[in-house]
Amino acid sequence: MTVVETPTLIAPHGGRLVDRTGPRPDGIDRLEQIPLTSRELSDLDMLASGALSPLEGFMGRNDYERVVEEMRLERGLPWSLPVCLAVDRAPQGDEVVLGDAAGRALATLEVDEVFEYDREREAERCFRTTDAAHPGVARLYEQKPVYLAGRVTVFERLEPPFPELALDPLDTRRAFDERGWRRVVGFQTRNPIHRAHEYLTKGALETVDGLLIHPLVGDTKSDDVPAATRVECYRVLVDNYYPADRVVVSAFPAAMRYAGPREAIWHAICRKNYGCSHFIVGRDHAGVGDYYGTYDAQLIFDELAPHELEIEPMFFEHAFFCRVCGQMATPKTCPHGGDDHVFLSGTKVRELLAAGELPPAEFSRPEVAEVLISAYRS
Ligand SMILES: [Zn+2]
């Protein structure tokens, strides 16, 4: 456990920031080594850094059951998604090594228990569907048959894909503290930021001290825009259109689960650990296909008591440029009809960019569009 040195910021989930890093122990070569999937590796790294505080390891049965059924840890604290390690069978011995697919040892796990789980029930409760065409459900169905639970100690961290953006919760907290921020809004995206996202992040920033742009850089579907391209888009956007002393850009190492509403809560809890007091939840946050209603990821927050999460969700509508208003707006703030709005479908934007054409300036900043055009060319 690391004592939080940033008392003016929101407390981590459960009160203390977990630190599950430690030195490489002697004699681990004789222990059984378990290879982790890319999602499990992301979870392991977030356990190490405290991004998943108060979790100290992969979940045991009591936490798992209550999370799946009630969105709470055994102790009652809200928690919306399982963080579990799937294995073939119970390991030999009371300690195992966790490694990557190439066989590199990264961590030890103190074996606490091994338990069976029902994939369909987990899918139905957590993803709201048992359809194997859902990417998160598909990954769940491919998992090994039992869960291995126990506290982890990580002695070798993964190389971050963007080292300059790799800030642990302790690092973002220090960064916010140095800037004198108390209220910080987190923004998560797995897409390039167009004017609509710029508008809502700036709208949120108007009411708080600072903005954390926190793009997800773990595993995503293959048809999402690659992380390297997205990161370059954020760079040019922030450099050109945001005050440098009000924004921190950092990478969120989580893998997408595409669990929609439950993942929105999970994303908010993680951002609380990074020091955010507010979190932007847009329409269809963390959704995929048409599995979730447009506002489901916002409505699910009402299942918790007011302020129970402590981090405050900020709900936003879809934004557009209105030619009559002469500015960015949403259905909340503009009375005009669709003909007056500059709105392009994702398909239309991709067509323009692939043809090397800039979308209208009311839709995309030209610097961002140029990054996307050159990504399409290569
Ligand atoms: Zn208008």
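Above this text sits the structure in question.
So, a few notes on the structure that sits alongside this text. All values derive from a computational prediction rather than experimental measurement. (Residues numbered from 1 in each chain as written. Predicted model: local features only at pLDDT ≥ 70, side-chain atom pairs only at ≥ 80, totals over all residues. Heavy atoms only, no water.)

Observations regarding the coordination of the zinc ion
Okay, so step 1: Within the protein, Cys-322 (SG), Cys-325 (SG), Cys-334 (SG) and His-336 (ND1) serve as the donor atoms for the zinc ion, at 2.1 to 2.3 Å.
Okay, so step 2: Taken together, the four donor atoms surrounding the zinc ion define angles of 103 to 117° at the centre, an arrangement classified as tetrahedral.
Okay, so step 3: Site description for the zinc ion: donor spacing in sequence, C-x2-C-x8-C-x1-H. With Cys-325 in the loop between strand S12 (320-322) and strand S13 (327-329) and His-336 in the loop between S13 and strand S14 (341-342), this residue pair connects regions lying 11 residues apart in the sequence.
Okay, so step 4: In this structure His-336 comes out as partly exposed when scored by relative accessible area, which is 28%. (Donors = N, O, S within 2.8 Å, 3.2 Å for Na, K, Ca; no water. Tetrahedral: all angles 85-135°; square planar, octahedral: opposite > 155°, others 65-115°. Helix = DSSP H or I, 4+ residues; strand = E, 2+ residues; numbered from the N terminus. Buried < 20%, exposed > 50% of the residue type's maximum accessible area, 1.4 Å probe, protein only.)

Observations concerning the sheet that holds S14
Okay, so step 1: Sheet architecture is open: three strands sit in the order S13-S12-S14, paired in antiparallel fashion. If you trace the sheet from one side to the other, it starts and ends with S13 and S14, each paired once.
Okay, so step 2: In the sheet, S12 pairs with S13 via three bridges, with the strands oriented antiparallel. From the neighbouring strand, Phe-321 faces S13, where its bridge partner is Met-328. (Pairing = 2+ DSSP bridges.)

Comments concerning helix H5 (residues 169-178)
One full turn of an α-helix is made of 3.6 residues, so residues set three or four places apart face in the same direction.
Okay, so step 1: Every buried residue of H5 is accounted for by Pro-169, Thr-172, Arg-173, Ala-175 and Phe-176. The buried residues of H5 occupy an angular sector of 160° when the element is viewed end-on, so they sit on one face.
Okay, so step 2: Of the surrounding elements, those touching the buried residues of H5 are helix H1 (38-49), strand S7 (184-187), strand S8 (210-213), strand S9 (247-249) and helix H8 (261-273).
Okay, so step 3: The first or second residue beyond H5 is Gly-180, which carries a positive phi of 75°. (Arc of directions from axis to C-beta. Contact = heavy atoms within 4.5 Å.)

Considerations on the nonpolar core
Okay, so step 1: In terms of nonpolar packing, the biggest core is built from 75 residues, with Leu-44, Leu-52, Phe-58, Trp-79, Leu-98 and Trp-266 touching the most fellow members.
Okay, so step 2: If we skip the residues at most four places from it in the chain, Leu-44 touches Leu-36, Phe-58, Leu-98, Leu-106, Ala-107, Val-152 and Val-154.
Okay, so step 3: Listed in part, the 34 residues of the second largest apolar core include Val-208, Cys-233, Ala-319 and Val-368. (Core = buried A, V, L, I, M, F, W, Y, C linked by side-chain atoms within 4.5 Å.)

Bear in mind that shape data such as this cannot, by itself, settle questions of function.
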